[in-house]
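Here are the chains, one letter per residue:
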Amino acid sequence: MSTPLTVKRRGGLGLGLVAWLAGIVFFLPIAWMALTSFHSEADAATNPPSFAAALTLDGYRDFFGANGGASPWPALINSAMASVLSTVFVLLLSFPAAYALSIRPVKKWTDVLFFFLSTKMLPAVAGLLPLYLFAKNTGMLDNIWLLVILYTSMNLPIAVWMMQSFLAEVPVAIIEAAKVDGARLPVILARVVAPIALPGIAATSLICFIFSWNELLFARVLTGVVAETAPVFLTSFITSQGLFLAKVCAASLVISLPVLAAGFAAQDKLVQGLSLGAVK
């Protein structure tokens, strides 16, 4: 006869197996992309695919311009600049806004949060033409600072929403104790609230960085050569001569590495931030 403890252990084992299967299913496309990137174009295009094909670095050499192609470094630098700067600006703006909406809530703060969220309901393509005309008339087409401003405004609403939920978990007594000691608001935000909410800040910054790094639509339309980003550079491998699968897989893997590295480096803070407030 099964005891409640045995049933609980079996249920935990079943959930563990399901989690492993789900992880494997999500990991398989990445593993297949990595394997294809080390094949030649002829082996990558075979159907059915050849698992035992010879491995080569030709796809990576082509991506980095070793055979006379365009260098990816300007596009990678542009993506890093736009993503990092926009994430910094988002944090600088969303942190005090979230403080005002959580620890020191303004009147009808729920309406304010809904307004922030409503700005994300507009389809991105609907604002593409006005933004293009604005950039053209102001001379900001193919300008990396235009992308920084756009990414900051695009990620700010979701950052305020996330930061508000994180800062709501900060004990008010600690803030009031700091005020009694004579600390001003900038000091309270930097030395009291920020260290406590560090997991939430890390989770918010990582998500904003990923959104900015992966953005393609606005970068494709509003940039050309000078401000070309990595996702736009990746689309250049799809030409009228065909799809160079091995080269595309190599480029996709390299362009994904900064996001994967950032997620791996901040994984502990990310888990803490996303689970903050889940257990009372």
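Rules and cut-offs
- Residues numbered from 1 in each chain as written.
- Predicted model: local features only at pLDDT ≥ 70, side-chain atom pairs only at ≥ 80, totals over all residues.
- Heavy atoms only, no water.
- Phe/Tyr/Trp six-rings, centres within 6.5 Å; stacked < 30°, edge-to-face > 60°.
- Helix = DSSP H or I, 4+ residues; strand = E, 2+ residues; numbered from the N terminus.
- Buried < 20%, exposed > 50% of the residue type's maximum accessible area, 1.4 Å probe, protein only.
- Salt bridge = Lys/Arg side-chain N within 4 Å of Asp/Glu carboxyl O.
- Contact = heavy atoms within 4.5 Å.
- Core = buried A, V, L, I, M, F, W, Y, C linked by side-chain atoms within 4.5 Å.

What to know about the packing of aromatic side chains
What the rule picks out here adds up to five aromatic pairs. Ring plane angle 40° and centroid distance 5.1 Å describe the contact between F38 and Y60, whose orientation is recorded as tilted. Residue F38 is found in the loop between helix 1 (4–37) and helix 2 (41–44), and its partner Y60 is found in helix 3 (residues 58–63); the two are separated by 22 residues along the sequence. A centroid spacing of 4.9 Å and a plane angle of 75° characterise the contact between F63 and F64, whose relative ring orientation is edge-to-face. What makes F64 partly exposed here is its relative accessible area of 34%.

Let's talk about the pattern of salt bridges
According to the stated counting rule, one finds one salt bridge in the structure shown. We note a salt bridge from D58 to R61, for which the minimum N-O separation is 2.9 Å. Of this pair, D58 and R61 are both found in helix 3, three residues apart, which corresponds to roughly one turn of the helix. A relative accessible area of 36% places D58 in the partly exposed class. Residue classification places R61 among the partly exposed positions, given a relative accessible area of 40%.

Some remarks on the environment of S256
Along the polypeptide, S256 turns up in helix 13 (residues 245–265). Exposure remark for S256: the relative accessible area of 28% places this residue in the partly exposed category. Taking the C-alpha atoms as reference points, S256 and I210, 46 residues apart in sequence, are found 9.8 Å from one another.

Thoughts on the side chain of S252
Mapping S252 onto the fold places it in helix 13. If we skip the residues at most four places from it in the chain, S252 touches M33 and L234.

Re the nonpolar core
Residues F95, Y99, I103, L167, I175 and V193 are the most contacted members of the largest nonpolar core, which totals 19 residues. Of all the secondary structure elements, the ones that give two or more residues to this core are helix 4 (73–102), helix 7 (144–167), helix 8 (172–180), helix 9 (185–196) and helix 10 (198–214). Of the residues forming this core, the biggest block, five residues, is contributed by helix 9. Discounting residues that sit within four places of it in the chain, I175 has contacts with Y99, I103, V170, I188 and V193. Residues F237, V248, C249 and A250 belong to the second largest nonpolar core, which totals 18 residues.

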